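Letter by letter, the chains look like this.
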Amino acid sequence: MDILVVGGGGREHAIIWSLARSPKAGKIYCAPGNAGIAQLAECVPIGVFEFDKLTAFAKEREVGLVVIGPDDPLAAGIVDAFEAQGIPVFGPRKNAAEIEGSKTFMKDLLHKYSIPTARYEKFSDYEPALAYLRSQELPIVIKADGLAAGKGVTVAYSREEAEKALQDIMVDKVFGDAGTQVVIEEFLAGQEMSILAFVDGETVRPMAAAQDHKPVFDGDKGPNTGGMGTYSPLPHIGESVIREAVETIIEPAAKAMVAEGRPFSGVLFAGLMISPDGKPKTIEFNARFGDPETQVVLPRLKSDLLEIFLAVTEGRLAEIPIEWSDEAAVCVVLASEGYPGPYPKGVPISGLDEEGAALVFHAGTARGADGSWVTSGGRVLGVVGRGATIAEARTAAYAGAEKITFAGKQNRSDIAMKALI
Ligand code: AMP
Ligand code: GLY
């Protein structure tokens, strides 16, 4: 069966790497893809919002399945566009993707169905929002309602910071329409965890749990990024906490979506905070695979990813076996100088073609005029090490990361350390 994957980052590279191992997989196309993905798939220069071109391409090539990677086209209704043409597609429809696309929708849903999350209020006018903000204790969290490329959330430790965040969103409209509404919520202390799950309607099949590192610098310092590294499993967070998160958060959320007439189909990804006494609460839901969570989760999948995608799209997820390996995986992201701020592109990369034990997923690479590798994004590469333990996987990931060099390369040196102390 031929497949079209929509997207072009490290997550899509990992999805394609996993799909390519399926005996059922025929030719794989990726729109738009990237230079690393081009080693496994035929990249087609169609953007993720060009729904007419994407559906026409899928029809013309008679692809048997389309897989959507990123959040914005899901929120814009890309799945509905493929379904309208009768093309099988893996991902949630627009009305289900709203669980990620609108924080007020998500918070109201959790509140209505008594699913654990931080206490919150939502506002569409600045003055009452400011008055409420001033009545709350610090730290406090301010969130733009819509998708803001991971930058719409401020955890404020001072009044000044809190009021600036509110002003940015509601008065100066730095996130445009994504800031028409704002959520002000209670600060949750603890450890963050990501649980991704395959979901079709009420059936929830959790994947291996992972932990991301969002701030750019070691020790969780500096501004937030899309994610600087991940690891899986989480030996320091017990299986019982993970089970509780699935039973009290993800399963009820899937049921709630069905009850609301917005059944979810695809990957539901819960961003959770585990309190110091071991209780999970929801920070956010995403309607897709995480990036770079996918880069450590899929290498641990022993079952056939294509079979799982087909089972979800055909509504028979409950019937298939899904097995995970006990092996650990650690992903270290190599980023461009200046990321998450402005960064240069076209910087030559060396060491990428060397054989090594690590898996390398490309996020932002391109080929220079002479065919050599150059950078083309903020996050450039994700280097994944595997081993019997987190410590072994971590050593393998950093050994792989060291072999690759480019001017201004930056990476965190403490990925997965939380599991080892
Ligand atoms: P989000 O985009 O909602 O995932 O938020 C980005 C980051 O902000 C999260 O990964 C957390 O580190 C942090 N965050 C969001 N909400 C809260 C909260 N209520 N309490 C503490 N930290 C939070
Ligand atoms: N790594 C976090 C995300 O994909 O949203």
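Refer to the structure above for everything that follows.
Source: prediction; values computed, not measured.

(A) Summary view of helix 9 (residues 239–259). With 21 residues, helix 9 extends 29 Å between its outermost C-alpha atoms, agreeing within 8% with the 30 Å of an ideal straight helix rising 1.5 Å per residue. At Val-246, helix 9 is deflected by roughly 35°, the largest bend along its length. Within the sequence span of helix 9, burial applies to Val-241, Ile-242, Ala-245, Val-246, Ile-249, Ile-250, Ala-253, Ala-254, Ala-256 and Met-257.

(B) Region of interest: the environment of Asp-200. Note that Asp-200 resides in strand 10 (residues 191–200). In this structure Asp-200 comes out as buried when scored by relative accessible area, which is 11%. Along the chain, Asp-200 and Gly-408 lie 208 residues apart, while their C-alpha atoms are 43 Å from each other. A distance of 2.9 Å separates a polar atom in the side chain of Asp-200 from the backbone nitrogen of Leu-317.

(C) Fine view of the side chain of Asp-212. On the secondary structure map, Asp-212 appears in strand 12 (residues 211–212). As a buried residue without a salt bridge, Asp-212 has its nearest oppositely charged side chain in Lys-214, at a separation of 4.9 Å. Those residues in contact with Asp-212 that lie beyond four places of it in its chain are Gly-226, Gly-227, Met-228, Gly-229, Thr-230, Pro-292 and Glu-293.

(D) Here's a closer look at the sheet that holds strand 16 (residues 265–274). What the four strands build is an open sheet, ordered 11-10-16-17; its pairing is antiparallel. Each edge of the open sheet carries a strand with a single partner, namely strand 11 (203–206) and strand 17 (280–286). Strand-to-strand twist in this sheet, taken as the mean axis angle between neighbours without regard to direction, amounts to 35°. Here strand 10 runs beside strand 16; their pairing, made up of ten bridges, is antiparallel. Bridging across to strand 16, Ile-195 finds its partner in Ala-270. The sheet contacts of helix 11 (residues 305–313) involve strand 10 and strand 16, and relative to strand 10 the element is tilted by about 65°.

(E) Examining the packing of aromatic side chains more closely. On inspection of all chains with the given rule, the structure shows seven aromatic pairs. Between Phe-123 and Tyr-132 the ring centres are 5.3 Å apart and the planes differ by 45°, which places this aromatic pair in the tilted class. For the residue pair Phe-123 and Tyr-132, the accessibility class agrees, reading buried in each case. With a centroid separation of 6.3 Å and an interplanar angle of 80°, the aromatic rings of Phe-198 and Phe-289 are classed as edge-to-face.

(F) Fine view of the sheet that holds strand 8 (residues 153–156). Ordered by their spatial adjacency, four strands build an open sheet running 6-9-7-8, and the pairing between neighbours is antiparallel. Strand pairing shows two members of the sheet lacking a second neighbour, strand 6 (120–123) and strand 8, which therefore form its edges. The average undirected angle you get between the axes of adjacent strands in this sheet is 20°. Here strand 7 (residues 140–144) pairs with strand 9 (residues 182–186) via five bridges, running antiparallel. Across the sheet, the residue bridging to Ile-142 is Ile-184, located in strand 9. Lying over the sheet, helix 6 (residues 103–112) contacts strand 6, strand 7, strand 8 and strand 9, oriented at roughly 140° with respect to strand 6.

(G) Structural view of the site of ligand 1. Glu-185, Glu-186, Leu-188, Glu-192 and Glu-284 are the nearest of the 16 residues found near ligand 1. Within the side chain of Glu-185, an N or O atom sits 2.7 Å from a nitrogen atom of ligand 1. In the complex, the protein chains occlude 92% of the 470 Å² of accessible area that ligand 1 would expose alone. Tallied by class, the residues present in the shell around ligand 1 amount to eight nonpolar, one polar and seven charged.

(H) Structural view of the side chain of Ser-336. Tracing the chain through its elements places Ser-336 in the loop between strand 18 (328–335) and strand 19 (359–362). Sequence-distant contacts of Ser-336, that is, excluding residues within four places in its chain, are made with Tyr-343, Pro-344, Thr-375, Gly-377, Gly-378, Val-380, Phe-406, Gly-408 and Gln-410.

(I) Just the site of ligand 2, in detail. The environment of ligand 2 is formed by Asp-212, Lys-214, Gly-226, Phe-269, Asn-286, Arg-288, Gly-290, Asp-291, Pro-292 and Glu-293. Starting from 200 Å² of accessible surface for ligand 2 in isolation, the protein chains cover 90%. Here the residues of the shell around ligand 2 are counted per class, giving two nonpolar, three polar and five charged.

Rules used throughout
- Residues numbered from 1 in each chain as written.
- Chains lettered and ligands numbered in written order.
- Predicted model: local features only at pLDDT ≥ 70, side-chain atom pairs only at ≥ 80, totals over all residues.
- Heavy atoms only, no water.
- Helix = DSSP H or I, 4+ residues; strand = E, 2+ residues; numbered from the N terminus.
- Expected span 1.5 Å × (residues − 1).
- Bend = angle between axes of the 7 residues up to and from the residue.
- Buried < 20%, exposed > 50% of the residue type's maximum accessible area, 1.4 Å probe, protein only.
- Polar contact = N/O pair within 3.5 Å; in protein donor to acceptor, adjacent residues only side chain to side chain.
- Lys, Arg positive; Asp, Glu negative; His and termini not counted.
- Salt bridge = Lys/Arg side-chain N within 4 Å of Asp/Glu carboxyl O.
- Contact = heavy atoms within 4.5 Å.
- Pairing = 2+ DSSP bridges.
- Axes fitted to C-alpha atoms, helices over the stretch in contact; angles between N-to-C directions.
- Phe/Tyr/Trp six-rings, centres within 6.5 Å; stacked < 30°, edge-to-face > 60°.
- Near = heavy atom within 4 Å.
- Areas by Shrake-Rupley, 256 points an atom, 1.4 Å probe, with all protein chains shown as cover.
- Nonpolar A, V, L, I, M, F, W, Y, C, P; charged D, E, K, R; others polar.

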